[in-house]
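Here are the chains, one letter per residue:
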2 protein chains.
Amino acid sequence: MILAFIGTAGSGKTTLTAEFGKYLSENGYRVAYVNLDTGVKRLPYTPNLDVREKVTAWSLMDEGLGPNGAIVKSYDILAEYTGEYAEKIRELEKESDYVLIDTPGQMETFLFHEFGVELMEAFPDALGVYLFSPEVLRKPSDFCFAVFFGLMIDLRLGITTVPALNKVDTVKDLGGIRKYLDDIDYLTARLKLEPSTQGLLAYKLCSALPELAPPTRVLYLSAKTGEGFEDLETVAYEHYCTCGDLT
Amino acid sequence: MILAFIGTAGSGKTTLTAEFGKYLSENGYRVAYVNLDTGVKRLPYTPNLDVREKVTAWSLMDEGLGPNGAIVKSYDILAEYTGEYAEKIRELEKESDYVLIDTPGQMETFLFHEFGVELMEAFPDALGVYLFSPEVLRKPSDFCFAVFFGLMIDLRLGITTVPALNKVDTVKDLGGIRKYLDDIDYLTARLKLEPSTQGLLAYKLCSALPELAPPTRVLYLSAKTGEGFEDLETVAYEHYCTCGDLT
């Protein structure tokens, strides 16, 4: 089965890929790692497939591009090899129990670039794990944003995506956060009290959520402590089971 | 009035900021420019306020960070000066008819980082212009994604955001695109024919759109030809008029 870790730069994709892979290996699974980040310097895992073999953001910066331009350009170059990468990932899928895909450092180069979109079109059964950091959650409407963003990834890439709060080891009041994320009705009721137009939009979006998508289970993960790894394994198993793709 | 151009790297924010600013100046308005991109090398306008005076992504890369890490770190540093920047923008607003904000190269460093979120909290009346490129629109569900993404920005930053297809000069069949973007009912009907789960999600999201947000008018812009500049000016005017903030 294929798991794609998706999230903004700094959301912890790479560390989680390494640690969850280690966990799976220790539990007897065959794990393959795919790095899609052209801008990463060091990886804490040994990739079976690594786009940096083709191009790095650095080499393009050496040619005079700024960091933003270099990152985009690197995926322009990779886009010509999307079919080749899809084929290689398919081979890894055959040889492994899990293929863990560590997506580009900047989430938008995956969601908005044809490379990411076309690559994932080849794997409609993959499970997306949308990682967001606790810092994103500053006010009630942000909880709505986080859950909805998972749905946006689903819409864009065509893969079932589960939102996952990462780095929970850094959170003081996880109970307070879970009260919102685990119970969309509670969150909706809370948002109803917000007087701002932002609060009103969040209220409407959250109210519509149950009709828009099947009940969303949020995961709580920590690469540091291993918290939530069993849950993630279960969710991945259930996803593939339901699809009838469990081999 | 404050206009913030928001979009992924390569969506044309900087060029549009320059050209729309020029257009406004030529029409007699006093225009101020704000650059929030720590990674841009050359600007086609002279900024009245420029975050690169404080920090650049390069200087951090020289210290050993990769491009993704350097970009994030630069906004970590800027986050300590959010109040100062808000104050300076407020001053520019007093002296000018238009303040054009050219947001970070990578959209996610604006939407997910406290610097962007807290800065825009200081300007709830600003108008966001969400720029997306024609390449994003590959299949019907992508049109839904584009419109919904504008709503996500609204939800996150708390500012009214109008979606704008940029670089329309590069589009061959603009009529075909407008048929979807100008008529959400037509798009919804089209999505109903999609057999995939992705299509179903897009259909549900588009169906819900009229209840979630006021009718969304999409802009069609080109920095190259000046197409849509009058429309953008009108939308900005109407936005401030409705808010009662037109001075």
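These numbers were taken from a predicted model, which means no experiment stands behind them.

Draft legend 1. Seen up close, the overall build of chain A. A count of helical and extended segments in chain A gives 11 helices and 7 strands. Relative to the compact-globule value of 18 Å for 247 residues, chain A shows a C-alpha radius of gyration of 18 Å, a close match. Counting only C-alpha atoms and orienting by the principal axes, one finds that chain A spans roughly 50 × 45 × 30 Å. Here chain A holds 247 residues, and the buried ones make up 60% of them. Intrachain contacts of chain A at a sequence separation of at least 6 include 71% that bridge at least 24 residues. For chain A, the exposed area adds up to about 9900 Å²; of that, 48% sits on carbon and sulfur atoms. Positive and negative side-chain charges in chain A, numbering 23 and 37 respectively, have mean positions lying 6 Å apart.

Draft legend 2. Up close: helix H6 (residues 114–121) of chain B. If you check which residues of H6 of chain B are buried, you get Phe115, Gly116, Val117, Leu119 and Met120 of chain B. Considering only its buried residues, H6 of chain B is in contact with strand S1 (2–6), helix H3 (67–78), helix H4 (82–95), helix H5 (108–111) and helix H7 (140–157) of chain B.

Draft legend 3. Layout of unusual backbone geometry. Residue and element names in this part refer to chain A. Positive phi values are uncommon outside glycine, yet Lys167 reaches one of about 60 degrees. Mapped onto the fold, Lys167 is located in the loop between strand S6 (160–165) and helix H8 (174–181). Using a relative accessible area of 25% as the deciding quantity, one classes Lys167 as partly exposed.

Draft legend 4. Examining the packing of helix H9 (residues 184–191) of chain A against helix H10 (residues 197–212) of chain A more closely. Residues and elements named next belong to chain A. Contact pair H9 / H10: the axes reach a minimum separation of 9 Å and the direction vectors enclose 155 degrees. Considering the angle they form, H9 stands roughly antiparallel to H10. Viewed along their axes, H9 and H10 form a crossing whose handedness is left-handed. Between H9, through Ile184, Leu187, Thr188 and Leu191, and H10, the contact on the second element is made entirely by Gly199, Ala202, Tyr203, Cys206, Ser207, Leu209 and Pro210.

Draft legend 5. Highlighting the interface of chain A and chain B. Contacts between the two partners involve 48 residues from chain A, matched on the other side by 48 residues from chain B. Both sides together, the interface formed by chain A and chain B hides about 4500 Å², and carbon and sulfur atoms give 62% of it. Three residues stand out in chain A for area buried against chain B, namely Phe112, Leu155 and Arg156 of chain A, and they jointly supply 17% of the buried area on that side. Applying the counting rule to chain A against chain B returns 8 salt bridges. Residue Asp142 of chain B pairs with Arg156 of chain A through a salt bridge whose shortest N-O separation is 2.7 Å. Breaking the side of chain A that touches chain B down by element, the ones donating at least two residues are helix H2 (57–62), helix H3 (67–78), helix H5 (107–111), helix H6 (114–121), helix H7 (140–157) and H10 of chain A. No other element matches H7 of chain A, which puts 12 residues into the side of chain A that touches chain B.

Quick notes on the rules
- Residues numbered from 1 in each chain as written.
- Chains lettered and ligands numbered in written order.
- Predicted model: local features only at pLDDT ≥ 70, side-chain atom pairs only at ≥ 80, totals over all residues.
- Heavy atoms only, no water.
- Helix = DSSP H or I, 4+ residues; strand = E, 2+ residues; numbered from the N terminus.
- Rg over C-alpha atoms; globule rule 2.2 N^0.38 Å.
- Buried < 20%, exposed > 50% of the residue type's maximum accessible area, 1.4 Å probe, protein only.
- Contact = heavy atoms within 4.5 Å.
- Areas by Shrake-Rupley, 256 points an atom, 1.4 Å probe, with all protein chains shown as cover.
- Lys, Arg positive; Asp, Glu negative; His and termini not counted.
- Charge placed at Lys NZ, Arg CZ, Asp CG, Glu CD.
- Axes fitted to C-alpha atoms, helices over the stretch in contact; angles between N-to-C directions.
- Parallel < 35°, antiparallel > 145°, perpendicular 65-115°, else oblique.
- Left-handed = near helix turned anticlockwise from the far one by under 90°.
- Buried area = accessible area lost by both parts, 1.4 Å probe.
- Salt bridge = Lys/Arg side-chain N within 4 Å of Asp/Glu carboxyl O.

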